[in-house]
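Coordinate inspection notes
Spelled out from the first residue to the last, the chains are:
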Amino acid sequence: MRELTVLNLFKKVRIDRLFFSSFAVFITALLLIFTWISYSFTSRELAENTSFYQQDLLGELNKQLDIQLRSIEQMSLAASRNIDTIGFDPLEKDSFERLRRKKDLLNMLANITYSTTMVQSIYLYTDTPELTDSQAPVRFLDLRGIKEESWYPEIQKNDFTWIADHMIQTNTGPQHFIGFARKVYNNSGKYYGLLVLNIKASAIEQLVRGETEGRSRILLDAGGKTISSIGNPVLSESELASIRAERNKSGSVRLPAAEGREDVLLVWNKTRSDWMLVETTPWSSIVTGSVRLAYVLITVGLSAIFIASFFTLFLSRQFTKPIRHLLAVMGGVPASTSISNLPTDYTNEFGNMFNGYRRQMERIEELLESLKEQHKRQREAEIHALQAMINPHFLYNTLDQLNWLAIESGQEKISEILSLMGKMFRIGLSNGETMIPVTDELLHADCYLQIQKVRWGERLSYTIHVDEEVKSLLIPRMTLQPFIENAIIHGFHGRRSGHIAIYGLLRDQHVEFRIEDNGAGLRDDWNTRKKRKTGGYGIRNVKDRIDAFWGAPYGVKLENREQEGTRVTIILPVTVNRQEEVERYDVEGSHCG
């Protein structure tokens, strides 16, 4: 359908407009394609460069984070060992000794908080916690209370674990902290407590942020747990899981838009301990330069199109000027002087077109003279045809005179046959019409059957059953009679009686006529083409006419009936008036039968 529309444009639109618009559309499409390719290429290059530099930056930040986080882990390990060295045991029965060692423990743990700004406080969880100041840097807490913490399942399975960002109440209000928890054992190797270092979340965030601002990053531990984040890195659990499954130390991937975020470029880098630093960057901020380049290309391209349009318009008018001149001359036909107005200084294709038009007009003048002579001969032929029309009237009058002679001589059967032949003759001619009403065709068949009954008498019977809707339709003349004649001559040959039934039925899309007899039926070789065409001209005539009029699926089918006799089925289209006839050639001039 689209191809037909384009072809119609080339057929209907003026050439100069078509040339100008085609050029404009082509250049515009070329500009858009070139802009899109440039945008895609530059955006991909920008994304790759951004990913490369971000991976390097995350690698440097990861090294610093690894150093600091390892120092926290080493600090926790040293504190747990110093507890063993001090000999603090919450199960000590001597209260004086337990109090002395508690003071040594508090001083040692407090020195850890004072030695680094990252550690805000230290919690020691035991079964029998000592009473401490709630605002002190070191606090003793009940070990049973950690069961309510979200990180409790992780410390059950490991000797130490990192605790993600959480809130702790301080003397200045609730603050964000990141913790590191380690189990504590006594000198005999019995687990009796838990040491937790509370690290300022802002200190970890500062390490994650580095010297850049406005970034969205996530710090994941070896188990994939989010320890800290900055900005607004909106990532689903499935996306985080796919990143953790990556075996490469660093990499990048573009994530499609999801709920709460646009397209992002995701870059990650892993440390030696499998901690991962992930950064997300909005895709729009990466391709901003590509978008600006695309705008510049479109602006420059549109300017070029605007300039080229004037040049194209000038060229199109120069190309169509000779055509318009030729059209003006053609509009002046048949004035012979208009041909002399065609220019003669063109030597290209336009010159060939002008010369061809001159030769064509000369040929047309010759044809006009020929047509005049042909018209004269045609008028003479019409006069001869009018004279020939006298012959059918003479035949009508002759049959009428014979009929009166038969009546006067008492030959009633001959009179009846002559009367029926007159009717058949009039219907057969039908004033030269090819299509006649079904009622006339049935009358023609009835007249033929009545003539045969004059010979056969009561030994020949027939019935006609035709739907009323069918009688008003049109049918090629002389369609039914050849098959009726074939049934009487061949089917009833050598028989004492016979019956013929004629049916006319209206189907959904066609009309069906059936002629059935109880005669001898078809021979086995009835459909074999004979070397010499002897007989059967009427049937072949009907078949050929239907094929010439309509072709498949319309036509004639002959077959033996189940019991005896022959069935002829004729399928024709529903034809109401002669304007519905298909294009056809002169059947009467091409066939005889």
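Above: the structure in question.
I will try to describe carefully the structure that is included in this document. (Residues numbered from 1 in each chain as written. Predicted model: local features only at pLDDT ≥ 70, side-chain atom pairs only at ≥ 80, totals over all residues. Heavy atoms only, no water.)

1. With respect to the pattern of salt bridges
Threshold: Any Lys or Arg side-chain nitrogen located within 4 Å of an Asp or Glu carboxyl oxygen qualifies as a salt bridge. The helix count covers DSSP runs of H or I at least four residues long, the strand count covers runs of E at least two residues long, and both are numbered beginning at the N terminus. Whether a residue is buried, partly exposed or exposed follows from its accessible area with a 1.4 Å probe, protein chains only, as a fraction of its type maximum: under 20%, in between, or over 50%, in that order.
One pass over the structure, following the stated rule, counts 21 salt bridges. Among the ionic pairs, lysine 471 bridges to glutamate 468, the shortest N-O distance being 3.2 Å. Remark: glutamate 468 and lysine 471 occur in helix H13 (residues 468–471); sequence separation between them is three residues, near one turn of the helix. Take lysine 471: its relative accessible area is 27%, and that puts it in the partly exposed class. Overall, glutamate 468 belongs to the exposed group, its relative accessible area being 58%. Several salt bridges converge on common partners, so that one network encompasses Arg507, Glu512, Arg514, Glu516, Lys557, Glu559, Arg561, Glu562 and Arg567.

2. Quick notes on the packing of helix H12 (residues 438–456) against helix H14 (residues 481–491)
Our working definition: Axis definition: a line fit to C-alpha positions, over the contact stretch in the case of helices; interaxial angles, taken between N-to-C directions, run 0 to 180 degrees. Here the word oblique covers every angle except those under 35 degrees (roughly parallel), over 145 (roughly antiparallel) and from 65 to 115 (roughly perpendicular). The handedness criterion is simple: a crossing whose near helix is rotated anticlockwise from the far helix by less than a right angle is left-handed, and one whose near helix is rotated clockwise is right-handed. Whether two residues touch is decided by their heavy atoms; if any such pair falls within 4.5 Å, the residues are in contact.
Where H12 meets H14, the closest approach of the two axes is 10 Å, and the angle between their N-to-C directions is 20°. The orientation of H12 relative to H14 falls into the category roughly parallel. Crossing of H12 against H14: the hand is right-handed. Judged by residue contacts, Glu441, His444, Ala445, Tyr448, Leu449, Gln452 and Trp456 of H12 engage Gln481, Ile484, Glu485 and Ile488 from H14.

3. Comments concerning a nonpolar patch on the surface
Let me state the cut-off plainly: Nonpolar side chains (Val, Leu, Ile, Met, Phe, Trp, Tyr) are joined into patches within 5 Å and like charges within 9 Å, using only residues with over 30% relative accessible area and no salt bridge. Exposure was quantified through the Shrake-Rupley algorithm and a 1.4 Å probe, taking into account, for residues, occlusion by the shown protein chains and nothing else.
On the surface, Ile33, Trp36 and Ile37 cluster together into a nonpolar patch covering about 360 Å² of accessible area. Position of isoleucine 37 relative to the elements: it lies in helix H2 (residues 15–86). Judged by its relative accessible area of 52%, isoleucine 37 falls in the exposed class.

4. Looking at the environment of aspartate 127
You can see aspartate 127 is positioned in the loop between strand S1 (119–126) and strand S2 (138–142). Taking relative accessible area as the criterion, aspartate 127 reaches 46% and is therefore assigned partly exposed. Leaving out residues up to four positions away in the same chain, aspartate 127 has contacts with Asp142, Leu143, Arg144 and Tyr192.

Nothing here speaks to function; it is geometry throughout.
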